[in-house]
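Okay, here's what each chain looks like letter by letter:
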Amino acid sequence: QVQLVESGGGLVQAGGSLRVSCAASGRTFSKYAMGWFRQAPGKEREFVATISWSGGNTYYADSVKGRFTISRDNAKNTVHLQMNSLKPEDTAVYYCAASLDLSVYDYVYDYWGQGTQVTVSS
């Protein structure tokens, strides 16, 4: 089993940067692909980015491609999402999730964190 705890959310002005992190417990973290999803008020949860267990493969939603970077450190059981050039439409609760399969679909992910709020002001 994997437990996930996000951190690093907050309030930032449009055009600014923020890094959210996810700390995982458990010895098998390196076996899991990790994903970031987000949910804005009144909207469905959507895929943001995912990274393979080795870090060798990454995928991004078109809306964040070129602005966000996902990375992981298996020695520290952490995954990060560096967000640059933030826009008001990036405002959402950001969730990290773990899956044995690399996927952009949330239903594939077995474990979820509690989420961290990111608010981008205009």
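For the structure itself, consult the block above.
From a predicted model like this one, the values you see are computed outputs, not experimental measurements.

A. Structural context of the sheet that holds strand β1 (residues 3-7). If you trace the four strands from one edge of the open sheet to the other, you get β1-β3-β8-β7, paired in antiparallel fashion. Among the strands making up the open sheet, the edge pair consists of β1 and β7 (68-73). Between one strand axis and the next, the sheet turns through 15° on average, direction left out of account. Where strand β3 (residues 18-25) meets strand β8 (residues 78-83), six bridges bridge the pair, whose relative direction is antiparallel. Its bridge partner being in β8, Leu 18 is matched across the sheet by Met 83.

B. Seen up close, the nonpolar core. With 33 residues, the main nonpolar core has Met 34, Trp 36, Leu 81, Met 83 and Tyr 94 as its most contacted residues. Listed by contribution, the elements that provide at least two residues to this core are β3, β4 (33-39), β5 (46-51), β7, β8, β9 (92-99) and β11 (116-121). If you tally residues by element for this core, the top one is β9, at five residues.

C. Focus on the side chain of Thr 78. Here Thr 78 shows up in strand β8. Dropping the residues within four chain positions of it, Thr 78 is found in contact with Cys 22, Ala 23, Phe 29, Ser 71, Arg 72 and Asp 73.

D. Highlighting the packing of aromatic side chains. If you walk through the whole model with that rule in mind, you get six aromatic pairs. Where Phe 37 meets Phe 47, the ring centres are 5.8 Å apart and the plane angle is 70°; that geometry is what we call edge-to-face. One end of the pair, Phe 37, is in strand β4; the other, Phe 47, is in strand β5, and ten residues separate them in sequence. Each ring, one from Phe 37 and one from Tyr 109, has its centre 5.1 Å from the other, and the planes form 75°; the classification is edge-to-face. Taken as a pair, Phe 37 in strand β4 and Tyr 109 in the loop between β9 and β10 (111-112) lie far apart in primary sequence, 72 residues in all. The residues Phe 37 and Tyr 109 share a single accessibility class, namely buried. Taken together, the ring pairs connect Phe 37, Phe 47, Tyr 109 and Trp 112 into an aromatic cluster. The aromatic ring of Trp 112 is capped on one face by Arg 45, whose charged end is 3.9 Å from the ring centroid. The cationic tip of Arg 72 hangs over the ring face of Phe 29; the distance from NZ or CZ to the ring centre is 4.5 Å.

Cut-offs and rules
- For every chain, the first residue of the written sequence is number 1, and numbering continues from 1 onward in sequence order.
- For this predicted model, a pLDDT threshold of at least 70 governs which residues receive local features, and a threshold of 80 or more governs which side-chain atom pairs are given and counted, while totals over whole chains, interfaces and linings are taken from all residues.
- Water and hydrogen atoms play no part in the side-chain values, which are based on all heavy atoms of the structure.
- Two strands pair under a simple rule: DSSP has to find at least two bridges between them.
- Secondary structure elements are taken from DSSP: a helix is a run of H or I of four residues or more, a strand is a run of E of two residues or more, and numbering for both begins at the N terminus.
- Geometry is summarised by axes, namely lines fitted to C-alpha atoms with helices restricted to the contacting stretch, and by angles between N-to-C directions that run from 0 to 180 degrees.
- Here, nonpolar core refers to any group of buried Ala, Val, Leu, Ile, Met, Phe, Trp, Tyr and Cys residues whose side-chain atoms link them within 4.5 Å.
- Only protein chains enter the accessibility calculation, which uses a 1.4 Å probe; a residue whose area is less than 20% of its type maximum is buried, one above 50% is exposed, and one in between is partly exposed.
- In this description, contact between two residues means that some pair of their heavy atoms is separated by no more than 4.5 Å.
- Stacked, tilted and edge-to-face are the three classes assigned to paired rings of Phe, Tyr and Trp, where Trp is represented by its six-membered ring and a pair needs centres within 6.5 Å; plane angles under 30 degrees give stacked, over 60 edge-to-face, the rest tilted.
- Remark: a charge is flagged as sitting over a ring if the NZ atom of Lys or the CZ atom of Arg is within 6 Å of the ring centre and within 35 degrees of the ring normal.

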